[in-house]
Amino acid sequence: MSLTIAALTFGIIFLAELPDKTALASLVLGTRYRAGYVFAGIAAAFALQVGLALAAGSLLALLPQRWVEGVTGLLFLIGALMLLWHRDEEEDGHAAKEPSSGSFWKVAGASFVVVAIAEFGDLTQIMTANLAAKYADPISVGIGAWLALCAVGGIAIVGGQKLLQYVPMKVIVRVAAGVMLLMAAFSVFNAVTG
C-alpha cells in the first residue's frame, strides 16, 4: 500500500465530491435522522461504489499504458468540464422518504439506498476507476477514495451548512475542476510521450 497514492486519491475525490448531489443528499438525511445511523448507511454505500469502481479500473488497467494514460486523461478532462458547467439541480429526487420508524436498520438502509443510487456512475466513481487504472494500486486508491467519500458525507451530515457559510460552492467547484484539469494534462502528456 502506498500512502502517497492514498493521500492523492483522497484529495482528488474529496474535492470532487464536495459539490456533488451525494453530499447534498447526506446533508438532507442528516437533518432528518440520527447522524450515526445515516453515516453507517452512506459509508456502506460508498464501500460498494468504490468496490465497483476498483473492478472497472482493474479492467481498464489491462490496456497498454499509453492507452490507459490517454483514456484517464480524457475522462479527467470530461470530469473537469462537468464540474465547471455544473448546474444546480432539484434535489427532491435524492432525499429519502421518511421511514415508518427511526430504527437503525431503517434509517441506515434508507441512507444506503439513496446514496448507492445517487453515486452510481457518478463522477467520483469514474475518477476512482481512473485512478485505480493509472496507479495499478487498487488498495491504496480504494482506501483513499472511500475515506474521502466518508469524510465528505460526514462533513455534510454534521456541518455542511457551516462550510458553505465560509467557502462558496463556486470556489470548491473551481478548485476541484482545476485539480482534475492538471491530472488530465499530466495523463495526456504521459500518453503522448509514452
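Here the structure is a predicted model, which is why all the values come from computation and not from measurement.

**Description of the overall build of the protein chain**
Here comes step 1: A count of helices and strands for the protein chain gives eight helices and zero strands.
Here comes step 2: When the helices and strands of the protein chain are placed in sequence order, the string is α-α-α-α-α-α-α-α.
Here comes step 3: When each of the 194 residues of the protein chain is scored for burial, the buried share is 45%.
Here comes step 4: Looking at the protein chain alone, contacts between residues at least 24 apart form 90% of all its contacts between residues at least 6 apart.
Here comes step 5: For the protein chain, the exposed area adds up to about 9900 Å²; of that, 70% sits on carbon and sulfur atoms.

**Points about the side chain of S111**
Here comes step 1: Assignment of secondary structure puts S111 in helix α5 (residues 104–119).
Here comes step 2: Residue class for S111 comes out buried when judged on its relative accessible area of 1%.

**Things to note about the environment of A6**
Here comes step 1: Within the fold, A6 resides in helix α1 (residues 3–17).
Here comes step 2: The spacing of A6 and D137 is 131 residues in sequence and 9.2 Å in space, taken between C-alpha atoms.
Here comes step 3: Residues within four places of A6 in sequence aside, it is in contact with M1, S140 and G144.

**Here we look at the side chain of Q125**
Here comes step 1: Within the secondary structure layout, Q125 lies in helix α6 (residues 123–135).
Here comes step 2: Q125 sits in the buried class, given a relative accessible area of 10%.
Here comes step 3: Filtering out sequence-adjacent residues up to four positions away, Q125 remains in contact with Q49, L52, A53, E119 and F120.

**Side note on the packing of aromatic side chains**
Here comes step 1: For the structure on display, the rule yields three aromatic pairs.
Here comes step 2: Taking 5.6 Å as the distance between ring centres and 15° as the angle between the ring planes, the aromatic pair formed by F10 and F14 counts as stacked. Of the two residues, F10 and F14 both sit in helix α1, four residues apart, roughly one turn of that helix.
Here comes step 3: Ring plane angle 90° and centroid distance 5.2 Å describe the contact between Y37 and F104, whose orientation is recorded as edge-to-face.

**Description of α5**
Here comes step 1: For α5, which comprises 16 residues, the first-to-last C-alpha distance of 22 Å matches the rise-based estimate of 22 Å (1.5 Å per residue) to within 8%.
Here comes step 2: If you check which residues of α5 are buried, you get V107, A108, A110, S111, V114, V115, A116, A118 and E119.

**Overview of the confidence of the model for the protein chain**
Here comes step 1: Overall, the predicted model of the protein chain reaches an average pLDDT of 78, with 79% of residues at or above 70.
Here comes step 2: Mean pLDDT values for the elements of the protein chain range from 71 in helix α4 (residues 65–84) up to 92 in α1.

**Quick notes on the nonpolar core**
Here comes step 1: Core analysis: the largest hydrophobic core is formed by 35 residues, its most contacted members being I13, V38, I42, F46, M127, L131 and V141.
Here comes step 2: At the level of secondary structure, the elements contributing two or more residues to this core comprise α1, α2 (21–32), α3 (35–60), α5, α6 and α7 (138–166).
Here comes step 3: At eight residues, the largest contribution of residues to this core is made by α7.
Here comes step 4: Setting aside chain neighbours within four positions, we find V38 in contact with S26, L29, G30, Y33, V107, S111 and I157.

**Brief notes about α1**
Here comes step 1: An ideal rise of 1.5 Å per residue puts 21 Å on 15 residues; α1 measures up with 21 Å between its terminal C-alpha atoms.
Here comes step 2: Buried residues of α1: I5, A6, T9, I12, I13, F14, A16 and E17, and no others.

**As for unusual backbone geometry**
Note: most peptide bonds trans; most residues except glycine with negative phi.
Here comes step 1: Here A136, not a glycine, exhibits a phi torsion of approximately 50°, which is positive.
Here comes step 2: Counting through the fold element by element, A136 comes out in the loop between α6 and α7.

**A word on the packing of α1 against α6**
Here comes step 1: The interhelical angle for the contact between α1 and α6, taken along N-to-C directions, is 160°, at an axis separation of 10 Å. The angle between the axes of α1 and α6 places the two elements in the roughly antiparallel class. Here α1 runs over α6; the crossing is right-handed. When α1 is examined against α6, the residues I5, L8, T9, I12, I13, A16 and E17 are found in contact with a partner set consisting of T124, M127, T128, L131 and Y135.

Rules and cut-offs
- Residues numbered from 1 in each chain as written.
- Predicted model: local features only at pLDDT ≥ 70, side-chain atom pairs only at ≥ 80, totals over all residues.
- Heavy atoms only, no water.
- Helix = DSSP H or I, 4+ residues; strand = E, 2+ residues; numbered from the N terminus.
- Buried < 20%, exposed > 50% of the residue type's maximum accessible area, 1.4 Å probe, protein only.
- Contact = heavy atoms within 4.5 Å.
- Areas by Shrake-Rupley, 256 points an atom, 1.4 Å probe, with all protein chains shown as cover.
- Phe/Tyr/Trp six-rings, centres within 6.5 Å; stacked < 30°, edge-to-face > 60°.
- Expected span 1.5 Å × (residues − 1).
- pLDDT = per-residue confidence, 0-100.
- Core = buried A, V, L, I, M, F, W, Y, C linked by side-chain atoms within 4.5 Å.
- Axes fitted to C-alpha atoms, helices over the stretch in contact; angles between N-to-C directions.
- Parallel < 35°, antiparallel > 145°, perpendicular 65-115°, else oblique.
- Left-handed = near helix turned anticlockwise from the far one by under 90°.

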